[in-house]
Structure formats: structure tokens, C-alpha cells
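Below are the chains, spelled out letter by letter.
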Amino acid sequence: MIRIEGVSKTFSGPGGPVEALRPVDLTILSGSFTSIIGPSGCGKSTLLRIVAGLETASTGRIANEGEQGRPGFVFQEPVLLPWLTARENVRFPLDTSGVPRAEGDRRTDELLAMIGLSSFAQALPRTLSGGMRQRVAIARALSYDPALLLMDEPFGALDLLTRDRLNDELMAIWTATRKTIVLVTHSVEEAAYLSDTVVVMSARPGAIKRIHTVDLERPRGERTKLDPRFHQLMADLRRDLA
Amino acid sequence: MTSATQALARGFSSLVVLAGAVAVWWGAVILFRIPAFLLPTPDAVFARFVFMAREGQLERHATATLSELGLGFAAGAVAGLLVGWAFDRLPLLGRLFSPLILLLQTAPKIAIAPLLLLWLGLGLGPKVVLIALVSFFPVLTGTVSGLAAVEPGYRDLARLLDLSAAIRFRRVELPFALPSIFAGLRIATTQAVTAAVVGELIGATFGLGYLLSVGQENNDAALVLAAILMLSTLGWAMHEIVRAVETRVLAWR
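Residues numbered from 1 in each chain as written. Chains lettered and ligands numbered in written order. Predicted model: local features only at pLDDT ≥ 70, side-chain atom pairs only at ≥ 80, totals over all residues. Heavy atoms only, no water.

J.: For this particular structure, what's the right way to read the interface of chain A and chain B?
T.: Accessible area lost upon the coming together of the parts serves often as the stated size of an interface. Each side of the interface is counted separately: chain A has 22 residues, and chain B has 15 residues. For the chain A and chain B pair, buried surface summed over both sides reaches about 1800 Å², with 69% attributable to carbon and sulfur atoms. Summed over the shared surface of chain A and chain B, the result is 1 salt bridge. Of the charged contacts in the structure, one is a salt bridge between A:Arg49 and B:Asp156, with a shortest N-O distance of 2.8 Å. In this structure, the connection of chain A to chain B is made through 5 residue pairs in polar contact (both at pLDDT 80 or more). Within the residue set of the side of chain A that touches chain B, elements represented by two or more residues are helix H1 (44-52) and helix H2 (86-95) of chain A. When residues in the side of chain A that touches chain B are grouped by element, the largest group, 3 residues, is from H2(A). Of the residues belonging to the side of chain A that touches chain B, the class tally is 15 nonpolar, 2 polar and 5 charged. (Contact = heavy atoms within 4.5 Å. Buried area = accessible area lost by both parts, 1.4 Å probe. Salt bridge = Lys/Arg side-chain N within 4 Å of Asp/Glu carboxyl O. Polar contact = N/O pair within 3.5 Å; in protein donor to acceptor, adjacent residues only side chain to side chain. Helix = DSSP H or I, 4+ residues; strand = E, 2+ residues; numbered from the N terminus. Nonpolar A, V, L, I, M, F, W, Y, C, P; charged D, E, K, R; others polar.)

J.: What is the right way to read the sheet that holds strand S7 (residues 180-185) of chain A from this model?
T.: Working definition: the strands of a sheet are paired by backbone hydrogen bonds and lie parallel or antiparallel to each other. All names here are of chain A. Ordered in space as S5-S6-S7-S3-S8-S9, the 6 strands form an open sheet in which the pairing is mixed. Where the open sheet ends on each side, the last strands, each with one partner, are strand S5 (72-74) and strand S9 (207-213). Averaged over all pairs of adjacent strands, the angle between strand axes in this sheet comes to 15°, irrespective of strand direction. As judged from the 5 bridges shared by strand S6 (residues 148-152) and S7, these two strands associate in the parallel manner. Directly across from Leu150, in S7, lies its bridge partner Val182. On the sheet, helix H5 (residues 160-177) packs against strand S3 (33-37), S6 and S7 and is oriented at approximately 160° with respect to S7. (Pairing = 2+ DSSP bridges. Axes fitted to C-alpha atoms, helices over the stretch in contact; angles between N-to-C directions.)

J.: Explain the sheet that holds strand S2 (residues 16-28) of chain A here, please?
T.: All names here are of chain A. Spatially, the 3 strands line up as an open sheet ordered S2-S1-S4, and their pairing is antiparallel. Unpaired on one side and paired on the other, S2 and strand S4 (59-64) mark the two borders of the sheet. Each strand of the sheet is rotated relative to its neighbour by a mean of 25°, with strand direction disregarded. Both strand S1 (residues 2-13) and S2 contribute to a ladder of 9 bridges, which runs antiparallel.

J.: When you look at the packing of aromatic side chains in this model, what are you seeing that I'm missing?
T.: The way to describe two aromatic rings as a pair is by their centre distance and the angle between their planes. Within this structure, the stated rule accounts for 8 aromatic pairs over all chains. Following the ring pairs from residue to residue traces out a cluster consisting of A:Trp83, B:Tyr154, B:Phe176 and B:Trp252. The cationic tip of A:Lys225 hangs over the ring face of A:Tyr193; the distance from NZ or CZ to the ring centre is 4.5 Å. (Phe/Tyr/Trp six-rings, centres within 6.5 Å; stacked < 30°, edge-to-face > 60°. Lys NZ or Arg CZ within 6 Å of the ring centre and 35° of its normal.)

The following block contains the structure:
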């Protein structure tokens, strides 16, 4: 469980301090799938980066109970090392943290199989499609088996079809590993389809506006997308965002 | 297969152009009756070249210039790389020193050759220092701009994975900066050869630049041309070595 208590962020801008995030309180349950949505500039990415330790909070604290260790993080861009093959990219965190070669190879091959890229193991990133690159990035984030996976609009740059497919793959990964996942997204459909909890934020300065608990049954799939409750939830989320 | 034939065709066409240039040179000497002490015929230069090579003279002088080039270029490149890295790691250092660097970079470094000779004598020392100096700046500039171009996402990744400064440099930042560093290295090779010649012209008892000045004093154009031929071969070889290493290292592009 991760308890975010009174976390805020103020940046120093050219015209004085800028409040990016008002004090936020949020509890994320272990093994749950949480989405954070909100308009651009609502501080949702900042909040995620603070949880990841990539930014320091101006106030407040994050109590981490059970999700210790380095979190996995998937950026909007794949951020792959262009001179390494898909396999070497997935193994990179293991290589740089002294995991024995054989162990790293075994883990990497498992992950490549899971994301369906075993036959592209030796491919360089520039020869892969956008969706494939983001799959490699997800596998890399999972390589060191983090308890917490943070994702910052990971599918924002992909076309709709690829995005839908990756949503289903992400849900399968979550079902198989039961990691605690926090996903920042612009898409109400993505948030409603994947999450246990959807956190809606309001803009400038960012603050939590409403928290929705999603009671759609799992496993979810094409049937979920026809469910009136799914459409009701999306309508509610859109209303909250407006 | 096709790339091999293409390379062969390219090599052949450059050979034709080269042969044409030699023919024009030869024709001009005969047609305008140019005296040999001003411009000898290509075969005379070639004969001189072979004679000197057989005597071991050419080897002695070329070896001297080559060792100056090797030492100076290596020292300058390593220093440029290290200082560039330090500037990137400690932005304050970069801000403090970049005006001074800019000043030194725009000053004609060749002009300090007499000073170096005064301080370090007529031996290898002053030439190595001069070559190192002219090689240093392009490599420094290439390193700084290459490291500055590393996208912030990769810095986030390094932070997230808790990479040590050394691993981050070797496995993330350096590979990103390499194309820009190699651009600096290629500029450095040409400037290094010029610096070697200038250093030897001003004061030396050996080296290809020394041969140039001996040729000039003795009205011996064949000697001057033979030395020039050797110098361009050295410069071309250095450039090609850097390019070959670059192609290998940057194969992923």
C-alpha cells in the first residue's frame, strides 16, 4: 500500500513560484490498478514522478508499505537505447545492477515471450514499430520485478488499434503478475476499461477532484465495452473533466 | 556484392581523376618549359621519393612526424573528452570556463608555436604540445554538444535505475555523444597535421616539416613535393582510421 499524504509541488518559474500540485492525499492499495486522468497541466505526471522519486515533493510525504525497492517506470516515449537490441534493452537494468548473466538472460527471454517479441529479440529499436518499442519499454520496466509499476501516458503516441491491443496486453500482464499499477492517461476509455480506481484531477494548480471506484467485473474484454455501466462511467469521467 | 562493385567503381573513377591531374602537371612542365628547381616533372618527384625511401631518410622523418601526431592527437583527444565530461557533470565549471575556452579557441593556436619552441626546445615536446592543443578544442566542443543533446528521458531512466556516474557515462551518455565526438575527432586530424608541419617548419632537426624547410633553402622543389606527398598520405591515413573506427562503433546507426 502506498499512502500519499499532503504531497504538493511548487516549481520556481521566471515570474516567481508556480504551484503545480496542491496538497494531495491518496491511498493506493497493493495489487490494484489505479488510473489518474486530468487535463494537460493538472500535475498528474508530476505526482507520478514524485512517487517514482524522479522529482522531490515540496511538502508532504509518501509512505510506502509493501512496494519497496525501485519502481518500474514506463515513459510516454519508449526511451530505448538505440544501439542495443530489443533483448539488450530489456536486460539493461539487470546488466547495470550486477545480476548474473544467465539469470538475466532467462528473465529477459521470459519477458520477451510474454510481450510476444521473442522473434524480434535481436532487432534494433529503429527497426521496430511504435507499439513494439513501447512493449520493449514495458518489458524493461518489469525486468527487475518491481512491486510497483508506474506508467506516464505510455500509449499516448500510438494509434487507436495498437493502443487497444496494448491495453489488453497490459491487463493480461497485470492479471498474471498482480503488480500495483498506477497509470497516468488522457483517455477516459483506457482509464475506465483497465482500472479498479480512477482518480480525476483538476487543472492549475492540480488537485484531486473525484475518485471513482470501478465495479465492472473481471476478467474484462469486449463484453465490458458493451456494458452500459462502462458507458455510464465514461460519461461521468468526461463530466468530471469538463 | 553491389556495394563492393560500387566501391570499386568509385575507386576507379578517383584513380582516373588522379591520373588526369598528374598528366596536366606533366604537360604543363613540358609545354611551358618550367625549370626543374621550380616544378620538377612527376617522374622526377617520384624518383626522389623512391630514392629517399630506399635510403631510409623518408622513414626516419616520417616516423618522427607520425610519433608527434600520434602522441599529440591522443593526448588532445583524451583531454578534450575528459574536460567535456567535467563541464557536463559540473555546469558551474562549464559556465566559468567557457568564455576562456572560446577566447583560446578563436586565437590562432599556431601563433604560440614560437613560444612553445622557446620553452621546450627543438625536440618532440613542443610539436606534441601544439598538436595536442589544436586537437583538444574540436574534441571538447564535440563532447560538450554531444552530451548536451542527450534527451532528458534518458537522464530520468538513469536516475530511476540508480546508475552510478561512471556507468551512466559509459553506457548511456557516451554512446549518445559519440557521433558528435567523432565529428570533432575528424576536424582534429586535419588540424593536427597542419600543427605538426608548422611546429617542424619553425624549428626542428627532423620530421617532414623539417624536410620542407631544407628543400626550400636548397631550391629543391622535388624534395618539397616528396615531403608534401608523404604529409598528405599521413593526413589521409589518420582521417581514414578515424572514419573506420567511427563506422564500426556507430554501426547501429
